[in-house]
Amino acid sequence: MTHVEDELTGQPECWTRAATEVSRYAQRLPRPGERVAIVGCGTSFFMAQAAASLREGAGHGETDAHPASEFPYHRAYDRVVALTRSGTTTEVLDLLARLRGRTRTTAITADPDTPVMTAADQAVVLDHADERSVVQTRFATTALTLLRAHLGLHTDAVVTDARTALAEPLPQDLVECGQFTFLGRGWTVGLANEAALKMREAALAWTEAYPAMEYRHGPISITTRARATWMFGEAPEGLAAQVRATGGLWVQGELDPLAELVRAQRLAVAVAAARGLDPDRPRHLTRSVILAP
């Protein structure tokens, strides 16, 4: 079993622990009414997209998501939350340094022995969800679970769905597809983006992601036989039939969307195996991007 496969199977336990311990971190996480930005790089940025949509949709206050490298310093925020598994990503550390003394910052990380612990004003350490693999799975989803629980949006049913996602076979013929598109709406757009990233990283697959209503505006033209379209959450009316009419494989997510992401992680590993690739050694990637001064 690869590191990434082993780590993704531990997500139900990680989520349960994060949700159970969320009250410990309440004072370090955004408070209702605060204007908040959530930042990250790569996978962490996509989790930021999902968390920002959830928070604002729940009525807790204006919430934006930004890649750390594209942060709009001209905007005023009450708090910036930085997601960083490694705690060493250059763009995140640079951002926190620039915000020091002007905006309250919180880092959510997996490693307490890294520079982010002093770069941010406060930190939340999810070391039980840390990973050996380059390809992120359980840390990212555990960080999002923590933020969902902080908003009162996490339930035991999410964990049950994650166990189902790990136990049930993947949809028939999915691994043999030559192209994959992931769709989302609202907070699940971030999850769709992350699912596509997992496929690129682990399996070098041709993969795209879009807000579901945007799919008709051009991207559906690539859909045909032996290509898959996977919907995270409820699909727009008529879209499934349109995809099936192209000859493409339609996959409707029936589980909690975060559990559907677990299924997509499994797909990335399965496609990698079918193509003779090692998902623990993704091409051109390292566990953390650390740039030279």
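Structure: above.
Every value quoted in this text rests on a predicted model; they were computed, and no experiment measured them.

### Examining the sheet that holds strand E2 (residues 63–67)
An order of E2-E1-E3-E4-E5 is seen for the five strands of this open sheet, with the pairing classed as parallel. The sheet terminates laterally at E2 and strand E5 (122–125), the two strands that pair on one side only. On average, each strand axis in the sheet is inclined to that of its neighbour by 20 degrees, with strand direction left out of account. For strand E3 (residues 79–84) and strand E4 (residues 104–109), the ladder comprises six bridges, and the chain directions are parallel. Residue pairing across strands places Ala82 opposite Ala107, the latter belonging to E4. Strand contacts of helix H4 (residues 90–99): strand E1 (36–40), E3 and E4, with the helix running at about 160 degrees to E3, the strand carrying the most contacts. Lying over the sheet, helix H6 (residues 138–150) contacts E3, E4 and E5, oriented at roughly 135 degrees with respect to E4.

### What about the packing of aromatic side chains?
Tallied over the full model, the rule gives seven aromatic pairs. Ring centres of Phe71 and Tyr77 lie 5.8 Å apart, and the angle between their planes is 50 degrees; on these two criteria the pair is classed as tilted. As far as the burial class goes, Phe71 and Tyr77 line up, both buried. Members of the aromatic cluster, each reached through a chain of ring pairs, are Phe71, Tyr73 and Tyr77. Between the NZ or CZ atom of Arg98 and the centre of the ring of Tyr73, over which it lies, the distance is 3.6 Å.

### Description of unusual backbone geometry
The phi angle at Leu204 is positive, at roughly 55 degrees, despite the residue not being glycine. Mapped onto the elements, Leu204 comes out in the loop between helix H8 (188–203) and strand E7 (206–211). You can call Leu204 partly exposed: its relative accessible area is 36%. Although it is not a glycine, Ala226 sits at a positive phi angle of roughly 65 degrees. Among the secondary structure elements, Ala226 is positioned in the loop between E7 and strand E8 (227–231). Of the residues examined, Ala226 reaches a relative accessible area of 48% and is grouped as partly exposed.

### Topic: the nonpolar core
Of all hydrophobic cores here, the largest spans 62 residues; its most connected members are Ile108, Leu144, Phe180, Phe182, Leu191 and Leu267. Non-local contacts of Leu267, meaning those with residues more than four positions away in its chain, are made with Leu170, Leu174, Val175, Phe180, Phe182, Met199 and Trp230. Tyr77, Ala82, Leu96 and Val116 belong to the second largest nonpolar core, which has 17 residues in total.

### Details of the sheet that holds E7
On the basis of which strands lie adjacent, the open sheet formed by four strands has the order E7-E6-E8-E9 and parallel pairing. Of all the strands in the sheet, the pair left with one neighbour each is E7 and strand E9 (249–252). The mean angle between the axes of side-by-side strands here comes to 20 degrees, regardless of whether they run parallel or antiparallel. Relative to E9, E8 runs parallel, the two being bridged by four bridges. Within E9, the position partnered with Met231 by the bridge is Gln252.

### Things to note about the pairing of E7
Along a regular strand, successive side chains alternate from one face of the sheet to the other. Bridging between strand E6 (residues 179–184) and E7 involves six bridges; their strand directions are parallel. Among the inter-strand pairings, Leu183 is bridged to a residue of E7, identified as Tyr210. Where the polypeptide runs from E6 across H8 and back to E7, its parallel neighbour, the crossover connection is right-handed.

### Comments concerning the pattern of salt bridges
Charged atoms that come close allow side chains of opposite charge to pair. Following the criterion strictly, the structure yields 13 salt bridges and no others. Residue Arg35 is joined to Glu62 by a salt bridge in which the shortest nitrogen-to-oxygen separation is 2.7 Å. Note that Arg35 is positioned in the loop between helix H2 (11–21) and E1 and Glu62 in the loop between helix H3 (43–57) and E2, a separation of 27 residues in sequence. The exposure class of Arg35 is partly exposed, given its relative accessible area of 27%. You can call Glu62 partly exposed: its relative accessible area is 47%. Between Lys198 and Glu201 there is a salt bridge, and its shortest N-O distance comes to 3.3 Å. Here Lys198 pairs with Glu201, and both are found in helix H8, just three residues apart, close to one helical turn. Take Lys198 and Glu201: they sit in the same class, and that class is buried.

Parameters at a glance
- Residues numbered from 1 in each chain as written.
- Predicted model: local features only at pLDDT ≥ 70, side-chain atom pairs only at ≥ 80, totals over all residues.
- Heavy atoms only, no water.
- Pairing = 2+ DSSP bridges.
- Helix = DSSP H or I, 4+ residues; strand = E, 2+ residues; numbered from the N terminus.
- Axes fitted to C-alpha atoms, helices over the stretch in contact; angles between N-to-C directions.
- Contact = heavy atoms within 4.5 Å.
- Phe/Tyr/Trp six-rings, centres within 6.5 Å; stacked < 30°, edge-to-face > 60°.
- Buried < 20%, exposed > 50% of the residue type's maximum accessible area, 1.4 Å probe, protein only.
- Lys NZ or Arg CZ within 6 Å of the ring centre and 35° of its normal.
- Core = buried A, V, L, I, M, F, W, Y, C linked by side-chain atoms within 4.5 Å.
- Right-handed = clockwise from strand over helix to strand, strands pointing away.
- Salt bridge = Lys/Arg side-chain N within 4 Å of Asp/Glu carboxyl O.

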